[in-house]
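# Breakdown of the fold
These are the residues of each chain, in order.
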Amino acid sequence: MSQSKVGLVGLAVMGQNLALNIAEKGFPISVWNRSPGKVDTTVERAKNEGNLPLTGYHELEDFIGSLERPRRIIMLVKAGKPVDATIDRLVPLLEPGDLIVDGGNEWYPNTERRAKAVGEKGIMYMGMGVSGGEEGARNGPSMMPGGPIEAWQMLQPIVAHVAAQVDDGPCVVHIGPGGSGNYVKMVHNGIEYGDMQLIAEAYDILKTVGGLTNEELHQVFDTWNKGELESFLVEITAQIFAKKDDEGQDGHLVDYILDKTGMKGTGRWTVMEAADNSVAAPTMAAALDARFLSGLKEERVAAAPHFKGPDVVTGVDKAQLIDDVRQALYASKICSYAQGMNLIRAASNDPEHNWGLDLGSIARIWKGGCIIRAAFLDRIKQAYDRDANLPNLMIDGEFAKELNERQPAWRRVVGLAVASGIAVPGFSGSLAYFDQYRRARLPANLVQAQRDFFGRHTFKRTDKEGTFSAMWEE
Ligand code: NBP
């Protein structure tokens, strides 16, 4: 019997669909899952979806024995302990030169720890972020593999065909060494949190101040998706507003959904990492905080009668509001991506990592397959092509021009929201990021004076070199 080119372990949503995708691209694949039921389901699907070259195994030993050597095994099991448990079962059956790739959303130091441990046995290890959810995994995800270059060379011939394809190639690149693949996927998810929050704020303003109906919101988002905001998230948002309730109630499903956001942790990691690296990430942090606050549903309901917010501003020109919100959303999005890119660069330059990551190629592989795919990622790539050392995306000539042009609308929207009592932490956090970055002098002089006053922390002066401390209390 001919041997499979690749093996896949873990056949839940992601693993099952990725396995079918790999098989469809012509790579014979063997699959195994801890509980055998999912193996049978996957085999059945492979049969029904075009007699794909996929073989299922109930015994791990048989699965390993079916693989071409050196073996390539992709794991898609729940991050954390299940990954360790799977490695513990795989490693005794493997040989030096074999490769294990963890395709889950793993905390990057775990990948580095595992790579070291299995590396002592001559086995190679990669952490590969996979984005695009179920649909991406099945039809072409964006893939972010990190680890040794020799491991990438073994993986590349397969993933280059399996990843989403865009105008300038497959949405996969060797991100860099160590846990960099997981890191970039983590920041991708942080950006995703920011994008979703910004879209939710646009919705809130348009609905609450503009009085837009779901039908109108559908139209607006659909139109936006044909312009500079063209992206997967804007596209699905338009579709969401068109969806009628599926439980027999009048109206649209979106209005029956509880306003309490779930999360799995990658957004939290991104914000923690931003703090650890001293990188300002107010848009992503605002998105995370908004999820925390949304979680306090019962508390919010109890608190509501205790406060009276301002009346919503009335008499707003609807067409102008829609156009302003579009501009505010776009400008905020630039700030959010700037924060994410700066975090990736800071981690890459950390002497403990020295990953040497290429921001332009990272933006490129996000152009297709993934949740944050958007037309403007091509422009982000071009910005880093123009200047790989761009200190901040906002100061690229094209983006700076766009931010300048959108400022009046952006400020109108934030002002209107604040006056109406609508929280827009993503829009206002992004605007504050922009305003702090663009102002040559900030009130940090006063903070330094206070620090010196109470703690003799010293300060620098603007007019001469040296370190100073003052006798503040004469
Ligand atoms: P889940 O994260 O829900 O994990 C389920 C899989 O883990 C099943 O195959 C399960 O086997 C296996 N598993 C568990 Br749980 N404990 C195990 C153990 N001790 N030993 C061996 N296997 C174990 O699956 P998923 O949603 O497909 O996600 C897979 C990875 O991809 C995760 O890291 C996730 O964060 C990431 N990811 C998910 C998405 C998405 O849209 N779902 C998107 C991008 C990335 P069983 O069948 O025997 O219980």
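Look above for the structure.
Residues numbered from 1 in each chain as written. Predicted model: local features only at pLDDT ≥ 70, side-chain atom pairs only at ≥ 80, totals over all residues. Heavy atoms only, no water.

## With respect to the environment of Ile22
In plain terms, the rule: Only runs of H or I of at least four residues qualify as helices and only runs of E of at least two qualify as strands under DSSP, and these elements are numbered from the N terminus. To sort residues, take the accessible area from a 1.4 Å probe on protein chains only and compare it with the maximum for the residue type: under 20% means buried, over 50% means exposed, and anything in between is partly exposed. When checking whether two residues touch, look at their non-hydrogen atoms; a contact exists if any pair is within 4.5 Å.
In this fold, Ile22 is placed in helix α1 (residues 13-24). Owing to a relative accessible area of 2%, Ile22 belongs among the buried residues under this scheme. Taking C-alpha positions, Ile22 is 17 Å from Lys38, a pair spaced 16 residues apart along the chain. Sequence-distant contacts of Ile22, defined by excluding residues within four places in its chain, comprise Val6, Leu8, Phe27, Ile29, Ile74, Ile158 and Val162.

## Things to note about unusual backbone geometry
A cis amide bond, omega -10°, links Arg69 with the succeeding residue Pro70. Topologically, Pro70 is positioned in the loop between α3 (60-65) and β4 (72-75). Even without being glycine, Asn51 reaches a positive phi, approximately 50°. Tracing the backbone through its elements, the reader meets Asn51 in the loop between α2 (36-48) and β3 (54-57). Owing to a relative accessible area of 63%, Asn51 belongs among the exposed residues under this scheme.

## A short note on the sheet that holds β4
Whether parallel or antiparallel, the strands of a sheet pair through hydrogen bonds between backbone atoms. We apply this condition: Criterion used throughout: strands pair if DSSP finds at least two bridges between them. Here, axes are lines fitted to C-alpha atoms. For helices the fit covers the stretch in contact, and angles between N-to-C directions go from 0 to 180 degrees.
Taken in spatial order, the 7 strands line up as β3-β2-β1-β4-β5-β6-β7 in an open sheet, and their pairing is mixed. The open sheet has two edge strands, β3 and β7 (142-146), and neither has a second partner. The mean inter-strand angle of the sheet, taken between neighbouring strand axes irrespective of direction, is 25°. Across 4 bridges, strand β1 (residues 6-9) lies against strand β2 (residues 29-32) in parallel orientation. Paired with Leu8 across the strands is Val31, a residue of β2. Against the sheet, helix α5 (residues 108-119) contacts β5 (99-102) and β6 (124-131), and its axis sits at roughly 150° relative to β6.

## A look at the site of the ligand
Keep this limit in mind: Summary of the distance rule: residues count as near a molecule or strand when at least one heavy atom falls within 4 Å of that molecule or strand. Here a polar contact is taken to be a pair of N or O atoms separated by no more than 3.5 Å, where protein atoms must pair a possible hydrogen donor with a possible acceptor and residues adjacent in sequence count only if both atoms sit in side chains. Amino acids are sorted into nonpolar (Ala, Val, Leu, Ile, Met, Phe, Trp, Tyr, Cys and Pro), charged (Asp, Glu, Lys and Arg) and polar (every other residue, Gly among them).
Inspection of the region around the ligand gives 21 residues, with Met14, Asn33, Arg34, Ser35 and Lys38 positioned closest. Side-chain polar atom of Asn33 to an oxygen atom of the ligand: 2.7 Å apart, as the coordinates give it. With respect to the ligand, the side chain of Ser35 contributes an N or O atom lying 2.4 Å from an oxygen atom. Elements with a contribution of two residues or more to the shell around the ligand: α1 and α4 (81-90). Among the residues forming the shell around the ligand, the class breakdown is 10 nonpolar, 7 polar and 4 charged.

## Some details on the packing of helix α8 (residues 180-208) against helix α14 (residues 318-349)
Helix packing geometry: the angle between the two helix axes and the distance between the axes. Applicable threshold: To sort the angles, those under 35 degrees are grouped as roughly parallel, those over 145 as roughly antiparallel, those from 65 to 115 as roughly perpendicular, and the leftovers as oblique. Each helix crossing is assigned a hand: it is left-handed if the near helix lies turned anticlockwise from the far helix by less than a right angle, otherwise right-handed if that turn is clockwise.
Running from amino to carboxyl end, α8 crosses α14 at an angle of 165°, the nearest separation of the two axes being 10 Å. If you check the angle between α8 and α14, you find them roughly antiparallel. Handedness of the α8/α14 crossing: right-handed. Contacts between α8 and α14 pair Tyr183, Val184, Val187, Ile191, Gly194, Asp195, Leu198, Ile199, Ala202, Ile205 and Leu206 from the former with Leu321, Ile322, Val325, Leu329, Ser332, Lys333, Ser336, Tyr337, Gly340, Leu343, Ile344 and Ala347 from the latter. Within the contact of α8 with α14, the residues separate by chemical class into 17 nonpolar, 4 polar and 2 charged.

## What to know about the nonpolar core
Note the following rule: The criterion is simple. A nonpolar core is a set of buried Ala, Val, Leu, Ile, Met, Phe, Trp, Tyr and Cys residues joined through side-chain atoms within 4.5 Å.
Judged by nonpolar contacts, the single largest core of 78 residues is most densely connected at Ile205, Phe221, Trp224, Trp366, Ile380 and Phe427. Taken together, the elements giving at least two residues each to this core come down to α8, α9 (214-224), α10 (232-242), α14, α15 (359-365), α16 (376-386), α17 (397-420) and α18 (425-438). In contact with Ile205, not counting residues within four places along its chain, are Gly210, Leu321, Val325, Val413, Ala417, Ile422, Val424 and Phe427.

## Thoughts on the packing of α8 against helix α12 (residues 282-294)
The contact between α8 and α12 brings their axes to 8 Å, and the two run at 70°. What the angle tells us is that α8 and α12 run roughly perpendicular. In this structure, α8 uses Gly190, Ile191, Tyr193, Gly194, Met196, Gln197 and Leu198 to contact α12, whose residues at the interface are Thr283, Met284, Ala287, Leu288, Ala290 and Arg291. Here the contact of α8 with α12 is built from residues that sort into 8 nonpolar, 4 polar and 1 charged.

## Some words on the packing of aromatic side chains
Filter applied, for reference: Paired rings are identified among Phe, Tyr and Trp, the last through its six-membered ring, by centres lying within 6.5 Å, and are further divided according to the angle between planes into stacked (under 30 degrees), edge-to-face (over 60) and tilted (the rest).
Following the criterion strictly, the structure yields 15 aromatic pairs and no others. Consider the rings of Phe376 and Phe399, whose centres lie 6.1 Å apart with planes at 85°: the pair is edge-to-face. Residue Phe376 is found in helix α16, and its partner Phe399 is found in helix α17; the two are separated by 23 residues along the sequence. Residue classification places Phe376 among the buried positions, given a relative accessible area of 2%. Summarising the aromatic geometry, the rings of Phe453 and Trp472 are spaced 6.2 Å apart at their centres and angled 25° between planes, so their arrangement reads as stacked.

## Remarks on the pattern of salt bridges
Note the threshold: We define a salt bridge as a contact between a side-chain nitrogen of Lys or Arg and a carboxyl oxygen of Asp or Glu at a distance within 4 Å.
What the rule picks out here adds up to 38 salt bridges. For Arg71, the salt bridge identified is with Asp98, shortest N-O distance 2.7 Å. Taken together, the residues Arg71 in the loop between α3 and β4 and Asp98 in the loop between α4 and β5 connect sequence positions 27 residues apart. For the pair shown, Arg71 and Asp98 are each scored as buried. Residue Arg379 is joined to Glu402 by a salt bridge in which the shortest nitrogen-to-oxygen separation is 2.9 Å. One end of the pair, Arg379, is in helix α16; the other, Glu402, is in helix α17, with 23 residues separating them in the sequence. In this pair, the class of Arg379 matches that of Glu402, namely buried. A cluster of three or more residues bridged by salt bridges with shared partners is formed by Glu228, Asp323, Arg326, Lys401, Glu405 and Arg406.

## What about the side chain of Lys381?
Tracing the chain through its elements places Lys381 in helix α16. Classification of Lys381 as buried rests on a relative accessible area of 17%. There is a polar contact of 2.5 Å between the side chain of Lys381 and the side chain of Asp385. Filtering out sequence-adjacent residues up to four positions away, Lys381 remains in contact with Asp168, Gly360, Ala363 and Arg364.

In short, the description is geometric, and any link to function would need to be established separately.
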